[in-house]
Amino acid sequence: MGSCRCCRETIRLAEATHDRLAQALAYRMLAEATRRRATQQAEAAVLEAIRIQRDVGSRPELARSYVTYAPSPGHGGGGDDEATRYLTDAVAMFRSMRMARELAHAEQLLGPRA
């Protein structure tokens, strides 16, 4: 629970200082911290991170949030179709940015879905 409190405080501070990227990263961390026990809260948090990262144009972090949205088949996200779409987008983004480690991870997660 301490990590959730820390994420919420980071979100609050980022909002207060108008640091949109820090806010998006804190939302993604909140999603990762709550994924196992509060899946709806985790989904809402990662979707907020995605929305902000699209707005600010942070492609590397956006692709990472796409991966966070769908950690495994049948788990996370609003549904397997949407999760697969996000993972497919993440693979394309990582490939275009030449982010080999992240690309390999996203491809591994996408494997069973493709």
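See above for the structure.
In this text, all values refer to a predicted model and were calculated from it rather than measured experimentally. (Residues numbered from 1 in each chain as written. Predicted model: local features only at pLDDT ≥ 70, side-chain atom pairs only at ≥ 80, totals over all residues. Heavy atoms only, no water.)

**Brief notes about unusual backbone geometry**
Line of reasoning, step 1. If you check the backbone angles, H18 has positive phi at about 60° while not being a glycine.
Line of reasoning, step 2. One can find H18 in the loop between helix 1 (2-16) and helix 2 (20-34).
Line of reasoning, step 3. Residue R98 is not a glycine yet carries a positive backbone phi of 60°.
Line of reasoning, step 4. Mapped onto the elements, R98 comes out in the loop between helix 5 (80-97) and helix 6 (100-110). (Helix = DSSP H or I, 4+ residues; strand = E, 2+ residues; numbered from the N terminus.)

**With respect to the packing of helix 3 (residues 39-56) against helix 4 (residues 59-69)**
Line of reasoning, step 1. Interhelical geometry of helix 3 versus helix 4 gives an angle of 160° and a closest axis separation of 9 Å. Comparing the axis directions of helix 3 and helix 4 gives the class roughly antiparallel. Along this stretch, helix 3 crosses helix 4, giving a crossing that reads as left-handed. Contact residues: helix 3 offers E43, V46, L47, A49, I50, Q53 and R54, while helix 4 offers E61, L62, S65, Y66, T68 and Y69.
Line of reasoning, step 2. Residues that form the contact of helix 3 with helix 4 fall into these classes: 7 nonpolar, 3 polar and 3 charged. (Axes fitted to C-alpha atoms, helices over the stretch in contact; angles between N-to-C directions. Parallel < 35°, antiparallel > 145°, perpendicular 65-115°, else oblique. Left-handed = near helix turned anticlockwise from the far one by under 90°. Contact = heavy atoms within 4.5 Å. Nonpolar A, V, L, I, M, F, W, Y, C, P; charged D, E, K, R; others polar.)

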